Amino acid sequence: MQNKGLLFIPDISGFTRFVNEIEIDHSRHIIQQLLEVLINSNNSGLEISEIEGDAILFYKFGEPLELEALYKQVEKMFCEFHRHLNAYDHRKICQCKACVSAVDLTLKVITHYGEFTTYNVKNFSKLIGKDVIVAHQLLKNDIEQHEYWLVTDHLLQDASPEELADWMKWDASSKLTETGTIPFHYTQLSQLKKELPPDPDPQLELSDKTRVISVYKDYDIDIKTLCYTVVHFEFRQQWQPGLKEINEVEHFLPGVGSRHQHVMENGEKIMMFTSSFSYDPDKKIQFSETDEKRKNSTYYTIEKAPDGRSRLTMEFYLHKNPVRQVLFNLFERNKLESNLRQSLENLAPIVKAMVLPLEF
């Protein structure tokens, strides 16, 4: 049986190919994370032959898996894929087309049983055989929706897929290839997505806090451009006094719950996490950052101001503690308020020169 085995291809689809450089970069990173989710969801001993763009070619030599075990593997990958997307959509900050449309990505899974073998190219094991070609040809078919599980009759044999789950509706079809007609069955998987529980609120904001500083400034710029400049870490040291850099960013595309480190010019290092974000560009955009020890938070509120301008309000909150508040007012308040006001002034020439990426 060393020349026969299972071919298992999860394939991601749904991204248009953006021309904007930032959106291409973000879509590539989102796909990378999703491919890692699929790989980490492999609990059936599947081997990876190669990653092919938005798809992974898994294989396993030997007798075919029992149909129920195969379905459990499909179910796990599909659910973990959409859990990741739901969490990303709920916590995302970037509003480019790639990030906003990520939640609409779909996953189809092609499963086939046939003959193939491996050959090595340096440290890589590649697959070769007519059924490898067949499995790839099955990715192109006439199934209208793109969120399904396809099982060839070579794999089904005498098994009945209708018994796997009550909600499944199976259809039969076939694919005409150069070597003949390949019959298969398929079922849509969207019901699994509907049954996923909602992504829980991370509840990272300080629940018991008091505002100690509030400053604001209006800018001759639209609300989206102001938001883009404020939320992206790469601009922060250009306008916040005393900040040397932000590093150790937990994710390439940070969102609510992700951590990052503020490195100050005096050498102090402060670990922070993004604790909230809400986005309504027609009214108000707000996000907050809280220190890891949960002692204070800074809120950034961006909203429309009179005469078509945009207003940024920066508010500093302390965890409610009377003694801490007294000490803050005596020794820290004046310097911090001065720094926040200077931040607002420093921001003006930066937003004026900013070129906003398309569809942020």
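Keep in mind that what you see is a predicted model, and the values were worked out from it rather than measured. Along each chain, residue indices are assigned from 1 in the same order as the chain's sequence is written. Confidence filtering applies because this is a predicted model: local features only for residues at pLDDT of at least 70, side-chain atom pairs given and counted only at 80 or more, and all residues used for totals across whole chains, interfaces and linings. Note that water and hydrogens are dropped before the side-chain values are worked out from all heavy atoms of the structure.

*Asks:* What is the right way to look at the packing of helix H1 (residues 21–40) against helix H2 (residues 67–91) in this model?
*Replies:* For any two helices packed against each other, the geometry comes down to the angle between their axes and how far apart the axes lie. Look at H1 against H2: their axes get within 9 Å of each other, and the N-to-C directions meet at 145°. When you trace H1 past H2, the crossing you get is right-handed. For the pair formed by H1 and H2, the contact residues are Ile30, Gln33, Leu34, Val37 and Leu38 on the first element and Met77, Glu80, Phe81, His84, Leu85 and Tyr88 on the second. Residues were grouped as follows: Ala, Val, Leu, Ile, Met, Phe, Trp, Tyr, Cys and Pro as nonpolar; Asp, Glu, Lys and Arg as charged; and all remaining residues, including Gly, as polar. Of the residues that constitute the contact of H1 with H2, the class distribution is eight nonpolar, two polar and one charged. As a rule, the C-alpha atoms of each element are fitted with a line to give its axis, helices using only the stretch in contact, and angles between N-to-C directions run from 0 to 180 degrees. A run of DSSP states H or I qualifies as a helix once it reaches four residues; a run of E qualifies as a strand once it reaches two. Both are numbered from the N-terminal end. Left-handed is the label given to a crossing in which the near helix is rotated counterclockwise from the far helix by less than a right angle, and right-handed is the label when the rotation is clockwise. Only heavy atoms matter for contacts: two residues are in contact if any of them lie within 4.5 Å across the pair.

*Asks:* Sorry, what's going on with the packing of aromatic side chains here?
*Replies:* In this description, a pair of aromatic rings is defined by centroid distance and the angle of the planes. We call Phe, Tyr and Trp rings a pair once their centres come within 6.5 Å, taking the six-membered ring for Trp, and we label the pair stacked below 30 degrees between planes, edge-to-face above 60, and tilted otherwise. With the rule as written, the count across this model stands at 13 aromatic pairs. Judged by centre distance (5.6 Å) and plane angle (75°), the rings of Tyr59 and Phe61 are edge-to-face. Aromatic pair Phe287 and Tyr300: ring centres 4.6 Å apart, planes at 5°, arrangement stacked. In this pair, Phe287 is assigned in strand E14 (residues 284–291) and Tyr300 in strand E15 (residues 296–304), connecting sequence segments 13 residues apart. Burial classes: relative accessible area under 20% of the type maximum marks a residue as buried, over 50% as exposed, and values in between as partly exposed (1.4 Å probe, protein chains only). Judged by relative accessible area, Phe287 falls into the buried class, the value being 2%. Residue classification places Tyr300 among the buried positions, given a relative accessible area of 3%. Aromatic ring contacts, followed pair by pair, group Tyr59, Phe61 and Phe116 into a single cluster. Criterion for a charge above a ring: Arg CZ or Lys NZ at most 6 Å from the ring centre, at most 35 degrees from the ring normal. One Lys or Arg, Lys209, reaches over the ring of Tyr317 and ends 5.5 Å from the middle of that ring. Above the plane of the ring of Tyr219 lies Lys217, whose end atom (NZ or CZ) is 5.9 Å from the centre.

*Asks:* Hey, could you run me through helix H7 (residues 223–231) in this one?
*Replies:* Owing to its 3.6 residues per turn, the α-helix brings residues three or four apart onto one side. Where burial is concerned, most of H7 is hidden: eight out of the nine residues are buried. Turning to H7, its buried residues are Ile223, Thr225, Leu226, Cys227, Tyr228, Thr229, Val230 and Val231.

*Asks:* Help me out: how do you make sense of unusual backbone geometry in this one?
*Replies:* In terms of backbone geometry, most residues other than glycine have negative phi values and most peptide bonds are trans. Positive phi is not limited to glycine here, since Glu248 has a value of about 50°. For Glu248, the location among the structural elements is in the loop between strand E11 (243–247) and strand E12 (259–264). Using a relative accessible area of 52% as the deciding quantity, one classes Glu248 as exposed. The backbone of Asp307 sits at a positive phi, close to 65°, despite the residue not being glycine. Within the secondary structure, Asp307 sits in the loop between E15 and strand E16 (310–319). A residue is classified by how much of its surface remains accessible, and Asp307, at 77% relative accessible area, is exposed.

*Asks:* Would you take a moment to explain the pattern of salt bridges for this structure?
*Replies:* Side chains that carry opposite charge are capable of pairing whenever their charged atoms lie near each other. Here a salt bridge means any side-chain nitrogen of Lys or Arg lying within 4 Å of a carboxyl oxygen belonging to Asp or Glu. The final tally for this structure, using the stated rule, is 19 salt bridges. The partner of Lys193 in a salt bridge is Glu147, with the nearest N and O atoms 3.0 Å apart. Placement of Lys193 in helix H6 (residues 190–194) and of Glu147 in the loop between helix H4 (130–137) and strand E7 (148–152) is noted, with a sequence separation of 46 residues between them. Among the salt bridges present, the one from Arg341 reaches Glu337, with a minimum N-O distance of 3.1 Å. Of this pair, Arg341 and Glu337 both sit in helix H10 (residues 333–353), separated by four residues, roughly a single helical turn. One salt-bridge network, held together by shared partners, links Arg333, Glu337 and Arg341.

*Asks:* Honestly, the sheet that holds strand E13 (residues 269–280) in this entry has me stumped. Any pointers?
*Replies:* Backbone-to-backbone hydrogen bonds pair the strands of a sheet. The strands run either parallel or antiparallel. In space, the seven strands of this open sheet follow the order E10-E16-E15-E14-E13-E12-E11, with antiparallel pairing throughout. Where the open sheet ends on each side, the last strands, each with one partner, are strand E10 (209–219) and E11. The average angle at which neighbouring strand axes cross in this sheet is 25°, direction not considered. At least two DSSP bridges between two strands are required for those strands to pair. Bridge count between E13 and E14: eight bridges; the pairing is antiparallel. Counterpart to Ser276 in the pairing with E14 is Ser288. Here H7 sits on the sheet in contact with E10, E13, E14, E15 and E16, set at roughly 160° to E15.

*Asks:* I would appreciate a short explanation of the sheet that holds strand E8 (residues 170–177) in the present structure.
*Replies:* Taken together, the seven strands give an open sheet; going across it, the order is E2-E3-E1-E4-E7-E9-E8, and neighbouring strands pair in mixed fashion. Sheet topology places strand E2 (47–52) and E8 at the edges, where each strand pairs with a single neighbour. Going across the sheet, the axis of each strand differs from the next one's by a mean of 20°, ignoring polarity. The pairing of E2 with strand E3 (residues 55–61) spans five bridges and is antiparallel. Residue pairing across strands places Glu47 opposite Tyr59, the latter belonging to E3. Against the sheet, H2 makes contact with strand E1 (4–13), E3, strand E4 (106–115) and E7, and its axis sits at roughly 25° relative to E1, the strand it touches most. Packing of H4 onto the sheet brings it into contact with E1, E2, E3, E4, E8 and strand E9 (180–188), and relative to E4 it is tilted by some 155°.

*Asks:* For this particular structure, what's the right way to read H2?
*Replies:* The span expected for a helix works out to 1.5 Å for each residue beyond the first. Over its 25 residues, H2 extends 36 Å from the first C-alpha to the last, a length consistent with the 36 Å expected when each residue adds 1.5 Å. Residues of H2 that are buried include every one of Leu67, Leu70, Tyr71, Gln73, Val74, Met77, Phe78, Cys79, Phe81, His82, Leu85 and Tyr88, and no others.

*Asks:* Just to check I follow, could you spell out the layout of surface pockets for this structure?
*Replies:* It is the rolling of a water-molecule-sized probe over the atoms that shows where space remains empty. Here the largest pocket defines a volume of roughly 990 Å³. Taken together, 33 residues make up the lining of the largest pocket; nearest its centre are Met264, Glu268, Ile270, Phe316 and Leu336. For the lining of the largest pocket, the secondary-structure elements that each account for two or more residues are E12, E13, E14, E15, E16, helix H9 (322–331) and H10. Sort the elements by how many residues they give to the lining of the largest pocket and H10 lands first, with five residues. For the lining of the largest pocket, the per-class residue count stands at 13 nonpolar, eight polar and 12 charged. Each pocket or cavity is described by its volume, and for the second largest pocket that value is around 370 Å³. A cavity here means a set of 1 Å grid points, computed over protein atoms only, where a 1.4 Å probe fits but cannot escape. A pocket is an open set with protein on both sides within 12 Å along at least 5 of 7 lines, and lining residues have an atom within 4 Å of a point. In terms of lining residues, the second largest pocket is bounded by 17 residues, among which His26, His232, Glu234, Phe252 and Pro254 are the most central. Contributions of two or more residues to the lining of the second largest pocket are made by H1 and H7. Broken down by class, the residue content of the lining of the second largest pocket amounts to 11 nonpolar, three polar and three charged. Grid points are joined across faces, edges and corners, and a volume is the space filled by probe spheres set on the points.

On their own, these measurements won't tell you what the molecule is for.
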